[in-house]
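Read off the chains here:
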Amino acid sequence: MSQATNTGPLHPLVKGPVNKPGGASSKPSPVHNHGTVQSLPDSSVSTGQQQIVTPGSKQAHMKNPSASHAIIRADRTTGMLAMSDDNVMMNQILATHAPDGREVDVRPLLYLVEDILNRATEHVDVIVKGTQARVEMEEKTQQANYIAMLEALTFTIDRIACELSYKAYRGSDAHATTTAIFNFLSSYTWDAKLVLSLSAFALNYGEFWLLAQIYSTNQLAKSMAILKQLPSLLEHTAPLKPRFEALNNLIRTMMDVTRSVVEFKELPAMYISQDAPALATALNLIPTAVYWTIRSMVACAVQISSLATMGHEYGISESWELSTLAHKLRNIHEHLRQQLNFCHQYIEEKKDVETYQMLLNLFAPNVMHIDNMKILKALIYARDDKLPLIDGATRRKVGLDVLRRKNVLLLISSLEFSSDELAILEQIYNDSRIHETRLESQYEVVWIPVVDRSIIPLSDETRTKFETLRSTMPWYSVEDPLLIEKPVIRFIKEVWHFRTKPILVVLDPQGKVLSPNAIHMMWIWGSSAFPFTSLREEALWREETWRLELLIDGIDPMILNWIKEEKFIFLYGGDDIEWIRKFASSARGVASASGIPLEMVYVGKSNKREQVKKVTTIINVENLSHAWQDQAMVWFFWARLESMLFSKIQLGRADDQDPMMLQIKKLLSYGREGGWAVLSHGSDIVVNGHSTTILPALGGYDEWKVNVTDKGFKLAFKEYHDRLHDVAHPCCRFEFPTTTRVPESMRCPECLRIMETYTSFVCCHDDQGFPGSLF
């Protein structure tokens with residue numbers, strides 16, 4: 001063998017790509033030669049001094065494992081002591097850093113290196129533990145990208161690989177070797193230094209385990225493995241288990257740190273600058289991270305060379321250094337990941353602000369769109385890589401195109417969606433589908449669930465609740481609640497005033513908002529309110545009068561039959577069973593005495609659901625009157641009344657002194673406090689009274705019965721009741737949950753004064769109360 005002479009340092013401070021020392025016309029050899037090499041300069045050797053390395057000296061080390069062992073131990077101890085001052089050490093490393101502005105896309109190379117090291121460390125597990133689970137790497141980039149990248153960097157990678165291998169066999173000081181690599185890579189950025197060095201290490205380590213994997217079936221590999229003494233090594237894997245595991249753990253940690261460093265490099269500069277605290281902190285830590293990762297590669301290379309040259313008898317206890325380095329790198333990695341998370345949060349906040357502003361611009365009144373696709377993509381899902389909707393009719397995933405140029409009703413709610421609300425809305429929707437050709441049926445509903453995105457991934461309980469709700473809906477639903485991004489939720493809350501109760505946002509075929517919340521129109525008029533605009537709302541109100549059908553609508557067909565039969569009908573409510581007993585008894589007595597056909601229906605109360613159930617049971621047992629058994633009917637009755645007030649508030653007509661609105665407000669107020677009753681004759685409402693006036697009016701029948709013959713029952717009862725009402729004047733009250741919009745002021749429906757505002761704390765001792773106010 002001929003003597004190989006180091007021609008001096010490859011000056012890395014020279015800008016531009018590193019070429020073969022022989023000149024520009026010479027092409028560097030990609031052959032990975034573990035024999036004689038031209039070494040990178042040790043930091044301890046003058047840059048002008050040449051080193052002579054003879055094969056004989058290397059062979060001497062290989063023939064005398066104990067001597068080599070002593071040299072490695074001594075060099076390690078000396079190196080660790082000499083470099084105990086991290087500041088001095090890092091100053092040396094920083095002094096080598098002189099980037100020349102070249103940009104290297106290291107991501108394709110990192111994918112390749114990850115594949116090599118993942119398979120190599122996996123093979124370690126196979127040999128030590130006897131198990132293997134092969135998972136093929138997904139192709140991250142095209143082969144052409146690898147070829148172009150390797151053509152530019154193969155010589156640099158090969159030189160570092162030779163340096164790692166040679167210095168490991170020679171037993172050089174680890175810090176000196178690491179510094180030499182930094183000198184060689186001085187013109188590269190920190191992430192490029194790290195990925196290039198890891199590539200060189202992967203070249204050596206991959207070759208080692210490739211031979212170990214195929215030497216028993218491939219004659220060429222077998223001959224090479226014998227030269228490296230691998231058969232003897234692999235026959236004694238059990239005693240080396242601690243070293244294999246330590247080596248495996250350190251390599252995985254090296255890859256973790258490398259990924260994090262590369263991720264910092266790839267952060268979008270348009271959203272985060274180097275002055276951002278999180279990124280600035282990370283940039284100060286990255287040189288240290290790169291140093292200790294490359295230093296760990298050197299330590300791993302020493303371990304591999306010791307296995308090849310000294311066999312299984314060497315260094316069973318030597319895994320301590322690898323474990324120490326792994327611990328240090330894990331700490332560094334944790335700090336990097338923490339800062340990276342801070343950076344991602346910072347970037348996400350910037351993007352959220354940008355997306356929110358984009359939504360404001362899209363929904364600006366003066367902006368016109370050809371169709372509703374841009375709007376729906378901005379709200380639901382912008383990319384084309386998945387189908388974001390579930391068709392409630394077929395349970396299949398569909399794209400947003402099914403909504404193109406259609407009227408779309410966005411049903412926005414939390415997962416706390418009352419089964420009563422859902423059942424009524426489903427009934428209205430299904431009724432509209434029966435006559436799909438009608439104008440009022442030309443719309444589609446899409447459920448937009450709003451969940452707490454601060455807890456990701458969603459808990460199993462939340463996910464189950466979402467899927468259960470979605471499975472009951474006959475309309476379109478978002479496939480995954482996490483598709484609705486934070487800026488969209490912010491827009492829904494701040495612009496469309498969503499709090500906790502469901503809202504129904506109406507979009508026309510061009511995506512323009514026709515109504516920011518048409519849920520109240522849906523409750524009052526159903527699909528007849530289509531297209532759910534303010535103009536349509538006002539037109540529907542002009543057609544309404546204060547009559548029993550307005551209160552009942554289609555809730556109870558039996559009552560509609562009574563109306564047709566011109567019967568007297570008492571709707572009444574409250575939760576005081578004693579008052580209810582007295583009221584029912586008095587009403588029946590008066591009806592019998594007057595000879596009028598009277599029917600009575602208990603319709604509950606706007607809250608206290610459990611108490612209403614108990615009262616309903618008693619009414620049925622004692623046969624006091626009819627009572628709605630289905631609690632959804634009770635809920636819908638009060639929801640429609642509240643929706644009527646909300647509708648007027650939204651139209652700016654809440655304080656209009658029209659008789660119909662005054663009566664609606666009275667009934668809502670009575671329903672909040674005590675008992676009440678509404679008496680009608682057929683469709684005509686005669687009296688709308690509070691418990692403090694209705695019961696005394698019935699009890700005073702002997703006083704006003706003389707007027708029945710002349711004035712009729714209706715007028716006689718009404719006049720007597722109104723006289724009592726003028727004296728009693730029960731207080732009126734309205735409660736608005738803090739989670740909803742509250743009108744600035746409201747006039748009393750009794751005396752028309754501006755009502756006083758109070759802050760109240762209410763508890764109905766009922767975990768399953770009716771949904772609160774819709775307004």
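Scroll up to find the structure this text is about.
The sections below set out a description of the structure shown in this document. Since this is a predicted model, take the numbers as computed values, not measurements.

Rules of the game
- Residues numbered from 1 in each chain as written.
- Predicted model: local features only at pLDDT ≥ 70, side-chain atom pairs only at ≥ 80, totals over all residues.
- Heavy atoms only, no water.
- Phe/Tyr/Trp six-rings, centres within 6.5 Å; stacked < 30°, edge-to-face > 60°.
- Helix = DSSP H or I, 4+ residues; strand = E, 2+ residues; numbered from the N terminus.
- Buried < 20%, exposed > 50% of the residue type's maximum accessible area, 1.4 Å probe, protein only.
- Lys NZ or Arg CZ within 6 Å of the ring centre and 35° of its normal.
- Pairing = 2+ DSSP bridges.
- Arc of directions from axis to C-beta.
- Polar contact = N/O pair within 3.5 Å; in protein donor to acceptor, adjacent residues only side chain to side chain.
- Contact = heavy atoms within 4.5 Å.
- Axes fitted to C-alpha atoms, helices over the stretch in contact; angles between N-to-C directions.
- Left-handed = near helix turned anticlockwise from the far one by under 90°.

## Regarding the packing of aromatic side chains
Here is step 1 of the chain: Overall, the coordinates contain 30 aromatic pairs when judged by the stated rule.
Here is step 2 of the chain: Centroid distance F182 to Y291: 6.2 Å. Interplanar angle 25 degrees. Geometry classified as stacked. Separated by 109 residues along the polypeptide, F182 in helix α6 (residues 174–184) and Y291 in helix α11 (residues 277–310) bring together distant segments of the chain.
Here is step 3 of the chain: With relative accessibility at 1%, the residue F182 sits in the buried group.
Here is step 4 of the chain: For R433, the ring lying beneath its charged end belongs to Y443, and the centroid distance is 5.1 Å.
Here is step 5 of the chain: K648 extends its terminal NZ or CZ atom over the ring of W541, reaching a point 4.6 Å from the ring centre.

## Considering the pairing of strand β8 (residues 503–507)
Here is step 1 of the chain: Burial of β8 is extensive: five of the five residues sit out of reach of the surface.
Here is step 2 of the chain: Burial along β8 is two-sided: the residues I503, V505 and L507 and L504 and V506 are all buried.
Here is step 3 of the chain: Note: strand β5 (residues 408–413) against β8, five bridges, orientation antiparallel. Across the sheet, residue L409 finds its bridge partner in β8, namely V506.
Here is step 4 of the chain: Bridge count for β8 against strand β9 (residues 513–515) is two bridges, and the pairing is antiparallel. Opposite V506, over in β9, you have S515 as the bridge partner.
Here is step 5 of the chain: In this structure, the hairpin formed by β8 and β9 is closed by a connection of five residues, where G511 is found at a positive phi of approximately 85 degrees.

## Considerations on helix α20 (residues 557–564)
Here is step 1 of the chain: For α20, the complete set of buried residues consists of I559, W562 and I563. Taken down its axis, α20 places every buried residue within 105 degrees of arc, on the same side. α20 presents P557 and K564 as exposed residues on the side facing more than 90 degrees away from its buried surface.
Here is step 2 of the chain: If you check the start of α20, you find a side-chain oxygen 3.0 Å away from the backbone N of M558, and it comes from D556.

## Some details on the sheet that holds strand β7 (residues 476–478)
Think of a sheet as strands paired side by side through backbone hydrogen bonds, with each pair either parallel or antiparallel.
Here is step 1 of the chain: Spatially, seven strands are ordered β4-β3-β7-β6-β5-β8-β9 in an open sheet, and the strand pairing comes out mixed. Looking at strand neighbours, the two that pair on one side only are β4 (397–398) and β9, the edges of this open sheet.
Here is step 2 of the chain: Note that β5 and strand β6 (residues 444–449) share six bridges and pair parallel. Within β6, the residue paired with L409 across the bridge is V445.

## Regarding the side chain of R640
Here is step 1 of the chain: With respect to the element layout, R640 can be found in helix α23 (residues 631–650).
Here is step 2 of the chain: In this structure the side chain of R640 is engaged in a polar contact, spanning 3.0 Å, whose partner is the backbone oxygen of I524.
Here is step 3 of the chain: Residue contacts for R640: discarding those within four places in its chain leaves W523, I524, L550, L551, I552, D553 and I555.

## Topic: the packing of helix α21 (residues 577–594) against helix α22 (residues 609–622)
Here is step 1 of the chain: For the pair α21 and α22, the least separation of the axes is 11 Å and the interaxial angle reads 35 degrees. As α21 packs across α22, the resulting crossing turns out to be right-handed. On α22, the residues touching I577, I580 and R581 of α21 are V615, I618, I619 and E622.

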